[in-house]
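Here is how the chains run, residue by residue.
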Amino acid sequence: MQRGALLDAARSLLSEGGTEALTFPALAERTGLARSSVYEYFRSRAAVVEELCAVDFPVWAAEIESAMDLAATPQEKVEAYVRRQLELVGDRRHRAVVAISASELDSGAREKIRAAHGALIAMIVEALAELGQREPRLSAMLLQGMVDAAVRRIELGAAEDPSAIADATVAMALRGVRG
């Protein structure tokens, strides 16, 4: 239970103040534990990040995959892939992931993030192949780049409504620059 409370506190700290806010004293204060107790669960800030990746990425990916499973056509799968990721932007788990991704991490944490992103990209490769993409894996990486740009736009509190950003991203994904 304490490990879960520490992870929940870490999510809150990351979503509120980014990686600078994720400190062991702050974790201890949020959970009511002594700072030395935090070290019993995690040896470093990077270890907290790795644990968050291990716990939150699979849940987030499962939500995206579930949305895609409801889609009947490859185009609908692409749309579900894009929209569900953008819908998750306001979720604390996602905010923590964004904060984590922007920080300076050790190689172990970075590798976990890369693997998780690879799993996201792998989800859409088949749909892109069915749409006739000659290099569906490359197309999937580029599509994820568009999603990541849209996420950043939403996170920055852009002038556009998040639904307009999602609509534009889906349109670009499905129709390119032709609109």
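The shown structure was predicted, so the numbers you read here are calculated from the model rather than taken from an experiment. Here the residue index of a chain counts from 1 through its sequence in written order. The predicted nature of this model means local features are confined to residues of pLDDT at least 70 and side-chain atom pairs, given and counted, to a pLDDT of 80 or more, with totals for whole chains, interfaces and linings taken over all residues. Hydrogens and water molecules were not included; the side-chain quantities draw on all heavy atoms of the structure.

## Here's the deal with the overall build of the protein
Note the threshold: Helical segments are the DSSP runs of H or I of at least four residues, strand segments are the runs of E of at least two, and each set is numbered from the N terminus. Summary of the burial criterion: residues with accessible area below 20% of their type's maximum are buried, those above 50% are exposed, and those between are partly exposed, where the area comes from a 1.4 Å probe applied to protein chains only. The criterion used for residue contact is that any of the two residues' heavy atoms lie within 4.5 Å.
When helices and strands are tallied, the protein shows nine helices and zero strands. Helices and strands in the protein line up, N terminus first, as α-α-α-α-α-α-α-α-α. Among the 179 residues that make up the protein, the fraction classed as buried is 42%. Taking as baseline every contact in the protein between residues at least 6 positions apart, the subset at least 24 positions apart corresponds to 62%.

## Things to note about the pattern of salt bridges
As a reminder of what qualifies: What counts as a salt bridge is simple: a side-chain nitrogen of Lys or Arg found within 4 Å of a carboxyl oxygen of Asp or Glu.
According to the stated counting rule, one finds nine salt bridges in the structure shown. Among the ionic pairs, Arg11 bridges to Asp56, the shortest N-O distance being 2.8 Å. You can see Arg11 sitting in helix α1 (residues 2-17) and its partner Asp56 sitting in helix α4 (residues 45-69), a full 45 residues away along the chain. With respect to burial, Arg11 and Asp56 carry one shared label: buried. A salt bridge links Arg84 to Glu63; its shortest N-O distance comes to 2.8 Å. You can see Arg84 sitting in helix α5 (residues 74-87) and its partner Glu63 sitting in helix α4, a full 21 residues away along the chain. Arg84 sits in the partly exposed class, given a relative accessible area of 22%.

## A look at the side chain of Ser139
As a reminder, the rule being used: Here a polar contact is taken to be a pair of N or O atoms separated by no more than 3.5 Å, where protein atoms must pair a possible hydrogen donor with a possible acceptor and residues adjacent in sequence count only if both atoms sit in side chains.
With respect to the helices and strands, the residue Ser139 is situated in helix α8 (residues 136-155). We classify Ser139 as buried; its relative accessible area is 16%. A polar side-chain atom of Ser139 sits 2.8 Å from a polar atom in the side chain of Gln133. Ignoring any residue separated from it by four or fewer positions in sequence, one finds Ser139 in contact with Leu128 and Gln133.

## Notes on the packing of aromatic side chains
Condition: Aromatic contacts are taken between Phe, Tyr and Trp rings whose centres are within 6.5 Å, Trp giving its six-membered ring; a plane angle under 30 degrees counts as stacked, one over 60 as edge-to-face, and the others as tilted.
Taken as a whole, this structure holds two aromatic pairs when the rule is applied. Pairing Phe24 with Tyr39 gives two aromatic rings, centres 4.4 Å apart and planes at 55°, and the pair type is tilted. Remark: Tyr39 occurs in helix α3 (residues 35-41) and Phe24 occurs in helix α2 (residues 24-31); sequence separation between them is 15 residues. According to the relative accessible area criterion, Tyr39 is partly exposed, its value standing at 47%.

## A few points about the nonpolar core
Side chains of a nonpolar character, in soluble globular proteins, are inclined to be buried together. Here is the rule: Side-chain atoms within 4.5 Å are what join buried Ala, Val, Leu, Ile, Met, Phe, Trp, Tyr and Cys residues into a set we call a nonpolar core.
In terms of nonpolar packing, the biggest core is built from 50 residues, with Leu22, Leu27, Val48, Ile64, Tyr81, Leu86 and Ile124 touching the most fellow members. Elements supplying a minimum of two residues to this core: α1, α2, α4, α5, α7 (107-130), α8 and α9 (162-175). Counting residues per element, this core draws most heavily on α4, at ten residues.

## Structural notes on the confidence of the model for the protein
The predicted coordinates should not be examined in detail at positions where pLDDT is low. Spelled out, the test is: What pLDDT conveys is the predictor's confidence in a given residue, as a value from 0 to 100.
Scored by pLDDT, the protein comes out at a mean of 86, with 89% of its residues at no less than 70. Here helix α6 (residues 92-102) is the element of the protein with the lowest mean pLDDT, 60, and α5 is the one with the highest, 96.

## A word on the packing of α5 against α8
Here is the rule we go by: Convention adopted: a line fitted to C-alpha atoms gives each axis, helices being fitted over their contacting stretch, and angles between N-to-C directions are expressed from 0 to 180 degrees. Here roughly perpendicular refers to angles of 65 to 115 degrees, roughly parallel to angles under 35, roughly antiparallel to angles over 145, and oblique to all remaining angles. Should the near helix be turned counterclockwise from the far one by less than a right angle, the crossing is left-handed, whereas a clockwise turn marks it as right-handed. Residues are grouped as follows: nonpolar covers Ala, Val, Leu, Ile, Met, Phe, Trp, Tyr, Cys and Pro; charged covers Asp, Glu, Lys and Arg; every other residue, Gly included, is treated as polar.
Running from N to C, α5 and α8 point in directions that differ by 30°, and their axes come no closer than 10 Å. With respect to each other, α5 and α8 are oriented roughly parallel. Judged by the twist between their axes, the crossing of α5 over α8 is right-handed. The residues of α8 that touch α5, namely those facing Val78, Tyr81, Val82, Gln85 and Leu86, are Leu143, Gln144, Val147, Ala150, Val151 and Ile154. By residue class, the composition of the contact of α5 with α8 is nine nonpolar, two polar and no charged.

## What about α1?
Applied cut-off: An expected span of 1.5 Å times one less than the residue number is assigned to each helix.
Between its terminal C-alpha atoms α1 stretches 22 Å, which fits the 22 Å expected from 16 residues at 1.5 Å a residue. Taken together, the buried positions of α1 are Leu6, Leu7, Ala9, Ala10, Arg11, Ser12, Leu13 and Leu14. Looking one or two places after α1, you find Gly18, whose phi comes out positive at around 75°.

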